[in-house]
Amino acid sequence: MARSSDQHDLAAWLVQIAGSRAIVARAMEPASSRLKRFLNDQASVRLAQAGYSDPMIRDAKREAWWWLQSRVDVARRRTGLLGGRAVVWTDSGKADLVSIEVPLPAQGEVAVEILSSIVSAGTERAQYLRLPSAVVSYPHRPGYSAAGRVLAVGPGVTRLQEGDLVAVRGPSHASVATLPAAAVHPIPPGVPHAAAAHVQLGVICSQGVDKAAIAPGEPVVVVGSGLIGLLAQRLATAAGAGPATVIATSRAKERTARAGGVERFLAAGADADEIAALGAPVVIEATGDPRGIAVAVAAAGERGRVILLGSPRGVTPDVPVAEIRRRGLRLVGAHVETLTAEGRRTGADLHARQAERFLALLADGGLQVQDLAETVVDPREADAFYRALARRRDLVAARFDWNVLPRSARVRRARVARLPDLRARGLDRDNRPLPARLAPARGDDPLATPAGSLRIGLVGCGDIAVHNAAAIAAAPNARLTVCFDPVRRLAEDLAAGHGAEVAGSVEALLGRRDVDAVFLAVPHHLHAPLAVQAAEAGKHVIVEKPMANDIAAAHEMAAAAERAGVVLSICFPHRFQPNVVAARRLVRAGALGDPAGTLTTFFADKPASYWLGGFSGRSVSGWRSSRQQAGGGLLIMNLSHLIDVARHVTGLEVETCSAVADVPPGAFEVEDAVSVSIRYANGAAGTLTGSSELRGNRGRPGELHVWGPDGYLTVEPESRLYTVRAVEGLTTGRWLALEGLTGGNIRSEYVTRLATAIALGAPPDIGPADGLAVQAFIEAAYRSSDGGEAVALDRLLRAAAPVRREAA
Amino acid sequence: MRVELVDAARRDGAAYVDAEWTSAGADPVAALVVVDAESDDRADRAAALALLSLAARAAREVAGVRPVDVVGGGFVAGAVRALLGAADTGNGTRPAAVVDTTGDPGRIREALSRLDDLGTLVLAGEMAGGALELDLYPDVHVRGLRIVGVPLDPEGLRGADELPAAALAYAESVPPLAAATGAPLPPAAWYRLR
């Protein structure tokens, strides 16, 4: 069974083994130990033998272990289970939102639906980066301060009831938690839950401020402008301290500090003299940096109190002990757990007492905290948030907003008999993605509803024209009226099939009143002269890709259309593939962040006959193998589609190309293989490579991959997405297979939308600028291959642009 | 007559040195000099009062706390013990406070490691130099320790009437040992060097 790739089988296998050892109530505890040993020893080996990767094995073990733990909890408590979601660091640098189960409350416990949980940026950043004194083991559930609503209370709990809004000390970032009632405090009326969620941070800071024993009006210096530092300062000020000064490594948080009443804000490095002159009676060190104590001691006056509130992450090589002694300073360690030791001596729950003081302070308006957690995080984007947090030093705090999750995901009754949900954990050695479907597009597309009735004359009736004629016929708002080809039988053939007439010449076609637009499907070197001729005849111009055989010709076409006031559009129909439409939508929605790279490939095994007659052999001509007439080979002929699609999906413009094009010896002048390195204007990098001589390739020839800091998207050959951003309602942190992306005739869609744009006087989807961008890419690549250096597209476009008449 | 704390290497004339301020073959890290003393006896008494003052303020920092360890074997350490009326803790007992009179980073680090949670370390020794390396999170922060500096303040005490009787009795019993600068020092609590 273990060798099966079926998720359910795997889950059942683990449960069977777990169950055989564990689901015997009286033997629960020893069974847990045995299962743990089993998971750590035998299960790892057997899963590895079955072909599962290390991360998958780790996830499976975690799921099996948590599954058992929650059931042991339930058996011990004799209660049921609640399900929800939690932020979990599954491995170094990897945060995930996973399903969890917690027991319903037993004696003295309370179950809480969490509404907000606070990220103390300094603490969690240190843990995420595994800094000294902050090393955590995985899986790790970060977080310890939250607020929410009571779901249920256990026996013996009388001061809380279902529905109460409460501040909660200790829970990790999760949508649901069951805790001792002593850690749950009613939120006073008028206090927002987002503020009350700071409760544990309030306890941490309050006890530190208490240890400073600040006299009324006594100046206070806080070293560090993180959440602990700024909250401690606000609490000190609320307790009657005098002027407050904050010392920080940068001025990034000065605005927030001053909003909390800080009078002076000093930079630790730049303002050393000012710091030394402070002579503060009270200094609260809250940096978490082992070097912070030196700054704190420097800021302290004779016999001053220095409170070590921040948790130093690492060794301080030279504690200024001589200074402490010489100036009679008092250095006080103020970790929140000291309250526990103090409480043991007094018999009081000092944590609870501090929490209630903090909430009362919020209630009477003596303390504001909501501006400290300035960033609100969607829990589904936890991975993106922590990755950003690792690089940011300006963030004071953040708040997970659990309300954004669907109610069914936040809290649900869970079944004790449920099997571990391993597939949802991505546990699939075949790396199969989860199926996903995009919601229907919102109706903000002006070209979505067909309009007008465009009469089209087709010039060139060879290979691709067959598809173009069919596309026009399928468009509800376009009609093929007339055809022309120098080989009359080709025109007659197409015209007959579509109820169109045959023109005897280009001039005759252009002179007809029943032609609004001309569709050029001719050899590349004829695009420009015919487009100019058509534009000057007042006809809109549709040109099969590429725009032209070189960039100068493309410029001529654009200029002619502009002069004539007609529409010029280039037929890049792959933009209308549903997977491409979806990809562009996802990138625009931020699924990847700012795109950082592209990989485009095109591998085909083209028959030699292609270069003389296209795929159909309908019209035999050597233009495709002529560098001058075609403009090039594989790159301009086939990859031009993918160049346009990549640009369309990413929205990126190419800055430079470095290319190698391989023209094989023989009669053909054009390349059959090409490789291009791309630098995009935003700094992203890309690769495009292709060959028309890839033996054995009979599948779909093109691939397009796009990635960014927040995700990875495969457009072709299959639409797959991995994102850490909660966009379009999609699951984050899992490979998703985008389903339902099937559509109709993409050329027809292109024609329909173009006809609509012309009828509405709206810009078409694809205009001269798009054609020029692709043309410039192609020309830059060829020039780079010829010259051996990178070529800048912008310079190429400017150099080839025609001089405007008015400028001349 | 006044008492000054000076750099021992730059002193001129007689100087008083606690046993913990000096080690074999090395210059003392600090010295007290009595300026304008009318006699050696009066100078001895003035120096003793200055050291007793330091010991009294160190003892005050741990008043009421038990058990307390005192680190050092000099005059100040003895005075603190006398003032506290307490013996050092035995093996296996974590002191609630430690008074260090040595100023030695190694002994300070060792004292911190012995302290009980929420304990207090009083720094009453002249610092001999050398870096004190600590991981402040486990060594101080999470245990809620307090480190209190008590400097020697020769000007801080004007007369014997401010000192407890136990301190004065101790001083009477431990006069300074006269010795020559540069010569090997015999064991004593403190010295008058010439």
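Everything quoted here is computed from the prediction, not taken from an experiment. (Residues numbered from 1 in each chain as written. Chains lettered and ligands numbered in written order. Predicted model: local features only at pLDDT ≥ 70, side-chain atom pairs only at ≥ 80, totals over all residues.)

Some words on the overall build of chain A
- Within chain A one finds 27 helices and 32 strands.
- In terms of principal-axis extent, the alpha carbons of chain A reach across some 105 × 70 × 50 Å.
- Residues counted as buried form 52% of the 808 residues belonging to chain A.
- The contacts in chain A between residues at least 6 apart in sequence include a share of 71% that link residues at least 24 apart. (Helix = DSSP H or I, 4+ residues; strand = E, 2+ residues; numbered from the N terminus. Buried ≥ 20, exposed ≤ 12 C-beta atoms within 10 Å, placed from the backbone. Contact = placed C-beta atoms within 7 Å.)

Observations concerning the overall build of chain B
- Looking only at helices and strands, chain B features 5 helices and 9 strands.
- Listing every helix and strand of chain B by position from the N terminus yields β-β-β-α-β-α-β-α-β-α-β-α-β-β.
- Computed over C-alpha atoms, the radius of gyration of chain B comes to 17 Å, within 12% of the 16 Å expected from 2.2 N^0.38 for 194 residues, which places it in the range of a compact globule.
- Each principal axis of the C-alpha distribution contributes one length, and for chain B these read about 50 × 35 × 25 Å. (Rg over C-alpha atoms; globule rule 2.2 N^0.38 Å.)

Overview of helix H4 (residues 121–128) of chain A
Residues and elements named next belong to chain A.
- Of all 8 residues that make up H4, 7 are buried, and the element is covered over most of its length.
- Among all positions of H4, only Ala121, Gly122, Thr123, Glu124, Arg125, Ala126 and Tyr128 are buried.
- Contacts from the buried residues of H4 go to strand E3 (109–120), helix H7 (227–238), helix H14 (382–391) and strand E15 (397–401).
- Arg130 sits one or two positions beyond H4 and adopts a positive phi of about 55°.

Quick look at helix H10 (residues 292–299) of chain A
- With 7 of 8 residues buried, H10(A) lies mostly within the body of the structure.
- Considered for burial, the residues of H10(A) that qualify are Gly292(A), Ile293(A), Val295(A), Ala296(A), Val297(A), Ala298(A) and Ala299(A).

A closer look at the pairing of strand E27 (residues 685–691) of chain A
All names here are of chain A.
- Two strands pair when backbone bridges link them, and strand E24 (residues 597–603) and E27 are joined in this way by 7 bridges, in the parallel orientation. Looking across to E27, one finds that Thr600 is bridged to Leu688.
- Sheet analysis places strand E26 (residues 673–680) next to E27, joined by 7 bridges and oriented antiparallel. Among the inter-strand pairings, Arg679 is bridged to a residue of E27, identified as Ala685. (Pairing = 2+ DSSP bridges.)

Quick look at the interface of chain B and chain A
- Contacts between the two partners involve 24 residues from chain B, matched on the other side by 29 residues from chain A.
- At the level of secondary structure, the elements contributing two or more residues to the side of chain B that touches chain A comprise helix H4 (136–141) and strand E7 (146–149) of chain B.
- Taken together, the residues of the side of chain B that touches chain A break down into 16 nonpolar, 3 polar and 5 charged.
- In this structure, strand E13 (residues 330–333) of chain A lies alongside E7(B), joined through 3 bridges in antiparallel fashion. Bridge pairing in E7(B) places Arg330(A) opposite Val148(B). (Nonpolar A, V, L, I, M, F, W, Y, C, P; charged D, E, K, R; others polar.)

Re the sheet that holds strand E16 (residues 412–414) of chain A
Residues and elements named next belong to chain A.
- With antiparallel pairing, the 3 strands of this open sheet are ordered in space as E2-E1-E16. Lying at the two open borders of the sheet, with one neighbouring strand each, are strand E2 (94–103) and E16. Across the sheet, the mean angle from the axis of one strand to that of its neighbour is 60°, orientation sign disregarded.
- The pairing of strand E1 (residues 81–91) with E16 spans 3 bridges and is antiparallel. Paired with Leu82 across the strands is Arg413, a residue of E16. (Axes fitted to C-alpha atoms, helices over the stretch in contact; angles between N-to-C directions.)

Comments concerning the nonpolar core
- Counting 188 residues, the largest nonpolar core has Ala232(A), Ala299(A), Ala55(B), Ala79(B), Val80(B) and Val99(B) as its most contacted members.
- When residues in this core are grouped by element, the largest group, 13 residues, is from helix H1 (residues 40–61) of chain B.
- Beyond its immediate sequence surroundings of up to four residues, Ala55(B) is in contact with Val76(B), Ala79(B), Val80(B), Leu83(B) and Ala167(B).
- Counting residues in each nonpolar core, the second largest holds 117 residues, with Leu490(A), Val670(A), Val751(A) and Val774(A) among its members. (Core = buried A, V, L, I, M, F, W, Y, C linked by C-beta atoms within 7 Å.)

A few points about the confidence of the model for chain A
All names here are of chain A.
- Considering every residue of chain A, the mean pLDDT works out to 90; 93% of them sit at 70 or more.
- This model gives residues 1–7 a pLDDT under 50, and the stretch forms 15 contacts once residues within four places in sequence are excluded.
- Counting contacts from residues 17–27, a segment whose pLDDT is below 50, to residues more than four positions away or on other chains yields 15 contacts. (pLDDT = per-residue confidence, 0-100.)

Observations concerning unusual backbone geometry
Residues and elements named next belong to chain A.
- With omega at 0°, the peptide bond leading from Glu716 into Pro717 counts as cis.
- Here Pro717 is to be found in the loop between strand E29 (711–716) and strand E30 (720–723).
- Positioned with a positive phi, Glu728 is a non-glycine residue whose angle comes to about 55°.
- You can see Glu728 is positioned in the loop between E30 and strand E31 (735–739).
- Accessibility expressed as a C-beta count within 10 Å gives 19 for Glu728, which makes it partly exposed.

What to know about the environment of Ala178(B)
- Checked against the element boundaries, Ala178(B) lands in strand E8 (residues 177–179).
- Considered as a pair, Ala178(B) and Ala14(B) are 164 residues apart in the sequence and their alpha carbons are 9.6 Å apart.

Examining the sheet that holds strand E18 (residues 454–459) of chain A
All names here are of chain A.
- On the basis of which strands lie adjacent, the open sheet formed by 6 strands has the order E20-E19-E18-E21-E22-E23 and parallel pairing. Two strands in the sheet have a free side with no partner beyond their single neighbour: strand E20 (501–502) and strand E23 (568–571).
- Pairing of strand E21 (residues 517–520) with strand E22 (residues 540–544), which is carried by 4 bridges, proceeds in the parallel orientation. Opposite Leu520, over in E22, you have Val543 as the bridge partner.

Considerations on the pairing of strand E19 (residues 478–484) of chain A
All names here are of chain A.
- Of all the 7 residues making up E19, 6 are buried; the element is thus mostly covered by neighbouring parts of the structure.
- By the bridge criterion, 2 bridges tie E19 to E20 in an arrangement that is parallel. Across the sheet, the residue bridging to Val482 is Glu501, located in E20.
- Handedness of the crossover joining E19 and E20 through helix H17 (residues 488–498) is recorded here as right-handed. (Right-handed = clockwise from strand over helix to strand, strands pointing away.)

Side note on the packing of helix H16 (residues 465–474) of chain A against helix H25 (residues 746–760) of chain A
All names here are of chain A.
- Where H16 meets H25, the axes come as close as 8 Å, and the angle between the chain directions of the two elements is 60°. Viewed along their axes, H16 and H25 adopt a mutual orientation that is oblique. Read as a crossing pair, H16 and H25 show a hand that is right-handed. Seen from H16, the contacting residues are His467, Asn468, Ala471, Ile472 and Ala474; seen from H25, they are Arg747, Ser748, Tyr750 and Val751. (Parallel < 35°, antiparallel > 145°, perpendicular 65-115°, else oblique. Left-handed = near helix turned anticlockwise from the far one by under 90°.)

Here we look at the environment of Leu151(A)
Residues and elements named next belong to chain A.
- By the secondary structure assignment, Leu151 is in strand E4 (residues 145–153).
- When the C-alpha atoms of Leu151 and Gly163 are compared, they prove to be 6.3 Å apart, with 12 residues separating the residues in sequence.
- Beyond its immediate chain neighbours, meaning those up to four positions away, Leu151 contacts Ala111, Val112, Glu113, Glu162 and Val411.

Looking at the confidence of the model for chain B
- Of the residues in chain B, 90% reach a pLDDT of 70 or more, and the chain-wide mean stands at 88.
- Here the prediction assigns the complex a pTM of 0.82, and the interface score ipTM is 0.95.

Things to note about the environment of Ala390(A)
Residue and element names in this part refer to chain A.
- In this fold, Ala390 is placed in helix H14.
- Given 12 C-beta atoms within 10 Å, Ala390 falls into the exposed group.
- Through-space distance from the C-alpha of Ala390 to that of Glu124 is 9.2 Å; in sequence the pair is 266 residues apart.
- What Ala390 contacts, discounting residues up to four positions off in sequence, is Arg125, Tyr128 and Leu129.

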